[in-house]
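Below, each chain spelled out in residue letters.
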Amino acid sequence: MNKTDIINIINKAKNILSNEPQLIKLNNPNKAIIVIGDLHSDYESLDIIIKKYHNKENILVFVGDYVDRAVNLGDSIKTIIKLLELKINDSHNIMLLRGNHEFDIMNKKYGFHEEIKKLYDESLIKNWSELFSLLPLSLLIDNSTFIAHAGIPEVDNLDEINKIKKGLQYEQNVLLDQLVWNDFSTTIDDRSNSLRGVKNSFIGGKTYFEKKTRELGIKNFIRGHQPNLKGYTFNKRCVTLQTCRRYTEYPKEEKEGLIAVKGVIIAKINKAKPNIEIIDIFSGKNE
Ligand SMILES: [Mn+2]
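An account of the accompanying structure is given in this report. It should be emphasised that the depicted structure is a prediction, and the values quoted were computed from it without experimental measurement.

Here is what the cut-offs are and how they apply
- Residues numbered from 1 in each chain as written.
- Predicted model: local features only at pLDDT ≥ 70, side-chain atom pairs only at ≥ 80, totals over all residues.
- Helix = DSSP H or I, 4+ residues; strand = E, 2+ residues; numbered from the N terminus.
- Rg over C-alpha atoms; globule rule 2.2 N^0.38 Å.
- Buried ≥ 20, exposed ≤ 12 C-beta atoms within 10 Å, placed from the backbone.
- Core = buried A, V, L, I, M, F, W, Y, C linked by C-beta atoms within 7 Å.
- Contact = placed C-beta atoms within 7 Å.
- Pairing = 2+ DSSP bridges.
- Axes fitted to C-alpha atoms, helices over the stretch in contact; angles between N-to-C directions.
- Expected span 1.5 Å × (residues − 1).
- Arc of directions from axis to C-beta.
- Parallel < 35°, antiparallel > 145°, perpendicular 65-115°, else oblique.
- Left-handed = near helix turned anticlockwise from the far one by under 90°.
- Nonpolar A, V, L, I, M, F, W, Y, C, P; charged D, E, K, R; others polar.

1. A look at the overall build of the chain
Moving on, step 1. Looking only at helices and strands, the chain features nine helices and 14 strands.
Moving on, step 2. Computed over its C-alpha atoms, the radius of gyration of the chain comes to 18 Å, within 12% of the 19 Å expected for a compact globule of 287 residues.
Moving on, step 3. Taking the principal axes of the C-alpha coordinates as reference, the chain spans close to 50 × 40 × 40 Å.
Moving on, step 4. A buried classification covers 41% of the 287 residues belonging to the chain.

Below you can see the structure in the form of structure tokens.
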């Protein structure tokens with residue numbers, strides 16, 4: 001794909017995304033919702049998901065972290081272009097949320113900008129940056145299931161998320177920072193400081209989760225952001241998904257084990273019964 005084609009796709013996607021609110025509400029969608037965790041340039045898994053689930057029965061919600069950490073040069077661009085093409089052609093059934101890897105600082109450090117420079121030229125970085133800054137931050141299904149990349153922010157009402165301007169970097173807004181950077185842990189009680197060196201985000205524990213979801217009237221929370229060996233963690237009402245199968249931060253031996261044991265993990269909310277199902281597309285197993 002040449003540079004002009006890429007710019008055209010980016011511009012078309014920008015037009016759609018700039019009209020989406022930071023909190024997308026889906027009420028009585030009358031379709032199943034398929035939630036996909038961090039992809040990190042795993043085009044192969046994305047392809048498997050699309051073939052199986054992109055149809056009239058489903059709405060696909062991607063929780064962010066589309067690029068960076070690519071194993072092969074070109075994987076980041078291939079993955080994000082595919083996602084944008086889906087969005088452009090079927091905008092009501094494809095939802096792309098913003099993760100902490102849809103930000104300049106991260107793309108500079110973890111490979112996406114390098115890829116753009118090697119395969120195209122530096123001037124395209126600005127187009128991608130503008131596009132990423134327009135991605136919505138969260139989604140709410142039937143006022144009960146909240147989906148965001150990382151955390152439930154310190155708001156009194158979820159509608160406050162809509163006041164976060166588009167076009168920002170995470171350092172510029174506390175709530176934005178918490179949505180894309182917060183961690184979740186069952187081993188701490190209320191909250192503790194983030195270990196990731198991002199000043200406005202924090203690790204939310206059990207009490208924070210219980211209290212905040214009660215205040216906001218949320219039943220379940222689905223997110224990505226924290227890698228794990230099984231591809232998901234399911235702590236009653238909080239699901240953490242990692243759909244990428246080649247997470248390059250693990251040591252080599254662990255990574256091989258990871259690939260051997262893991263399938264392509266997604267979450268499904270069926271329209272008939274609003275519980276969350278975790279599905280491994282490879283093995284067909286679910287929980
Ligand atoms: Mn993340």
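2. Notes on the nonpolar core
Here is a general trend for soluble globular proteins: nonpolar side chains tend to be buried in one another's company.
Moving on, step 1. Ranked by internal contacts, the top residues of the largest apolar core, which has 63 residues, are Val35, Ile36, Val61 and Leu97.
Moving on, step 2. If we ignore the near neighbours within four places in the chain, the residues touching valine 61 are Ile33, Ile34, Val35, Ile36, Met95, Leu139 and Ile147.

3. Observations regarding the sheet that holds strand β13 (residues 265-269)
The strands that make up a sheet are held in pairs by hydrogen bonds between backbone atoms, and each pair lies either parallel or antiparallel.
Moving on, step 1. Taken together, the five strands give an open sheet; going across it, the order is β4-β3-β2-β13-β14, and neighbouring strands pair in mixed fashion. Strands with a single pairing partner mark the edges of an open sheet, and in this sheet they are β4 (94-96) and β14 (276-280). Neighbour-to-neighbour, the strand axes of this sheet turn through a mean angle of 25°, independent of strand direction.

4. A look at the sheet that holds strand β9 (residues 202-204)
Moving on, step 1. Read from one edge of the open sheet, three strands run β7-β9-β8, paired in mixed fashion. Looking at which strands have only one partner, the edges of the open sheet turn out to be β7 (183-184) and β8 (191-193).
Moving on, step 2. Sheet topology note: the β7/β9 ladder contains two bridges and is parallel. Bridge pairing in β9 places aspartate 183 opposite isoleucine 203.

5. Digging into helix α3 (residues 75-89)
Moving on, step 1. With 15 residues, α3 should reach 21 Å at 1.5 Å per residue; the first-to-last C-alpha distance of 21 Å fits that figure.
Moving on, step 2. Within α3, burial applies to Asp75, Ser76, Ile77, Thr79, Ile80, Leu83, Leu84 and Lys87.
Moving on, step 3. Where α3 is buried, its residues touch α1 (3-17), α2 (43-53), β3 (58-62), β4 and α5 (112-119).

6. Points about α1
Moving on, step 1. Between the first and last C-alpha of α1 there are 21 Å, a value that for 15 residues agrees with the 21 Å anticipated at 1.5 Å per step.
Moving on, step 2. Of all the positions in α1, only Ile6, Ala13 and Leu17 are classed as buried. End-on, the buried residues of α1 take up no more than an arc of 35°, which puts them together on one face. More than 90 degrees from the buried face of α1, the exposed residues found are Thr4, Asn11 and Asn15.
Moving on, step 3. On the buried face of α1, the contacting elements are α3 and α6 (124-132).

7. So, the packing of α1 against α3
Moving on, step 1. It is the contact of α1 with α3, at a shortest axis distance of 10 Å, that shows an interaxial angle of 50°. As the angle between them shows, α1 and α3 are arranged oblique. Taken as a pair, α1 and α3 cross one another with a handedness that is left-handed. Judged by residue contacts, Ile9, Lys12, Ala13 and Ile16 of α1 engage Ile81, Leu84, Glu85, Lys87 and Ile88 from α3.
Moving on, step 2. A breakdown of the residues in the contact of α1 with α3 according to their chemical character gives six nonpolar, no polar and three charged.

8. Here we look at the environment of leucine 229
Moving on, step 1. Here leucine 229 shows up in the loop between β10 (220-223) and β11 (232-235).
Moving on, step 2. Placed 16 residues apart in sequence, leucine 229 and arginine 245 show a C-alpha to C-alpha distance of 9.5 Å.

9. Overview of the environment of valine 155
Moving on, step 1. One can find valine 155 in the loop between β6 (145-148) and α7 (174-181).
Moving on, step 2. With near-sequence residues (within four places) excluded, valine 155 lies in contact with Glu160, Ile161 and Leu175.

10. Considering the environment of lysine 230
Moving on, step 1. Relative to the helices and strands, lysine 230 is located in the loop between β10 and β11.
Moving on, step 2. Its 16 C-beta neighbours within 10 Å are what place lysine 230 among the partly exposed residues.
Moving on, step 3. Between the C-alpha atom of lysine 230 and that of glycine 263, which follows or precedes it by 33 residues, the distance is 8.6 Å.

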